[in-house]
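# Coordinate inspection notes
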Amino acid sequence: RRRLTSTAGDDLALASEAIARTLASGLTLLQAVRSATEAIVGTPVAARLDRTLAEVDGGLSLVRAVERMTERDPLPELRLFSSAVAVTGGDLGARAAVFDRAAVTLRSRTAARAEATAQAAQARASAFVVGALPWLAVAALAVQGGEVAQVLFATSLGRCCLGAALTAELLGVRWMLSLARSATR
């Protein structure tokens, strides 16, 4: 399932492009979906489309079989693909433009998700840098010695300040990491 989630956008964009080409050449929607499944063979989406096509071969309509695929794996990418199949498989007739637009949308979503993942990685790295810098300064201060180090390490007030700083720093890093994690969900 995790692999499906990570590749669904790209795989369904490829499938949608293949369906659009096949529909433009005059074949039916079912023939186009079969052809698209062959174009993405070996992917998690192809495995789901194979199962969907087996249900069609068993007597289910293509639209209903794709809806069932979406019910089993309720990913936004699959819902978009299912909508494209429903629109072109219904009374409106099979139109390649619907799948062309679906492919563009799927690619845009994939690119946006990749950008969010990259930004979240940058935020996590920043959290560690921001969290480590004050402690590197404290370590340098301890090595250097002097009156400030004496007050910070040898008095109860200094140790309380260090404890409060550590607590605030850990809470800040935890908060930054939770923000970075929520950006990729």
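Conventions we followed
- Residues numbered from 1 in each chain as written.
- Predicted model: local features only at pLDDT ≥ 70, side-chain atom pairs only at ≥ 80, totals over all residues.
- Heavy atoms only, no water.
- Helix = DSSP H or I, 4+ residues; strand = E, 2+ residues; numbered from the N terminus.
- Rg over C-alpha atoms; globule rule 2.2 N^0.38 Å.
- Buried < 20%, exposed > 50% of the residue type's maximum accessible area, 1.4 Å probe, protein only.
- Contact = heavy atoms within 4.5 Å.
- Areas by Shrake-Rupley, 256 points an atom, 1.4 Å probe, with all protein chains shown as cover.
- Lys, Arg positive; Asp, Glu negative; His and termini not counted.
- Charge placed at Lys NZ, Arg CZ, Asp CG, Glu CD.
- Core = buried A, V, L, I, M, F, W, Y, C linked by side-chain atoms within 4.5 Å.
- Expected span 1.5 Å × (residues − 1).
- Bend = angle between axes of the 7 residues up to and from the residue.
- Axes fitted to C-alpha atoms, helices over the stretch in contact; angles between N-to-C directions.
- Parallel < 35°, antiparallel > 145°, perpendicular 65-115°, else oblique.
- Left-handed = near helix turned anticlockwise from the far one by under 90°.
- Nonpolar A, V, L, I, M, F, W, Y, C, P; charged D, E, K, R; others polar.

## Some words on the overall build of the protein
Within the protein, the regular secondary structure consists of eight helices and zero strands. When the elements of the protein are put in sequence order from the N terminus, they spell out α-α-α-α-α-α-α-α. Computed over its C-alpha atoms, the radius of gyration of the protein comes to 27 Å, more than 25% above the 16 Å expected for a compact globule of 185 residues. Each principal axis of the C-alpha atoms in the protein carries an extent, and together these give about 85 × 30 × 25 Å. Residue burial in the protein is summarised as follows: out of 185 residues, 33% are buried. Sequence separation of 24 or more characterises 56% of the internal contacts of the protein that already satisfy a separation of 6 or more. Total accessible area on the protein stands at roughly 10,700 Å², and carbon and sulfur atoms take up 61% of it. Placing the 21 positive and 16 negative side-chain charges of the protein at their respective mean positions leaves the two points 5 Å apart.

## Concerning the side chain of E169
Summarising the element assignment, E169 is placed in helix α8 (residues 156-183). If sequence neighbours within four positions are ignored, E169 has contacts with V130, G131, P134 and W135.

## Examining the nonpolar core
Side chains that are nonpolar tend, in soluble globular proteins, to be buried together. The biggest cluster of nonpolar side chains holds 32 residues, and the ones touching the most others in it are I19, L29, F81 and F99. At eight residues, helix α1 (residues 2-24) tops the list of elements feeding residues into this core. Discounting residues that sit within four places of it in the chain, F99 has contacts with S16, I19, A20, L23, L29, F81, A84, V85 and T88.

## What to know about helix α6 (residues 96-144)
With 49 residues, α6 extends 72 Å from end C-alpha to end C-alpha; this agrees with the ideal 72 Å at 1.5 Å per step. The sharpest bend along α6 measures roughly 25° and falls at L133, with the proline P134 sitting one to four residues further on. For α6, the complete set of buried residues consists of A96, V98, F99, A102, A103, L106, T110, A120, A127, G131 and V138. Note on α6: the residue one or two positions beyond its end, G145, has a positive phi of about 80°.

## Topic: the side chain of T110
Looking at the element boundaries, T110 is found in helix α6. T110 sits in the buried class, given a relative accessible area of 19%. When neighbours within four sequence positions are excluded, T110 is seen to be in contact with G9 and D10.

## What to know about the environment of V56
Structurally, V56 can be placed in helix α3 (residues 44-57). Not counting residues up to four positions away in its chain, the partners in contact with V56 are L30, S61, L62 and A65.

## Section: the packing of α6 against helix α7 (residues 147-154)
Running from amino to carboxyl end, α6 crosses α7 at an angle of 110°, the nearest separation of the two axes being 8 Å. If you check the angle between α6 and α7, you find them roughly perpendicular. Relative to α7, the crossing made by α6 is left-handed. Where α6 abuts α7, its residues V138, L141 and A142 lie against V148, A149, L152 and F153. Taken together, the residues that form the contact of α6 with α7 break down as seven nonpolar, no polar and no charged.

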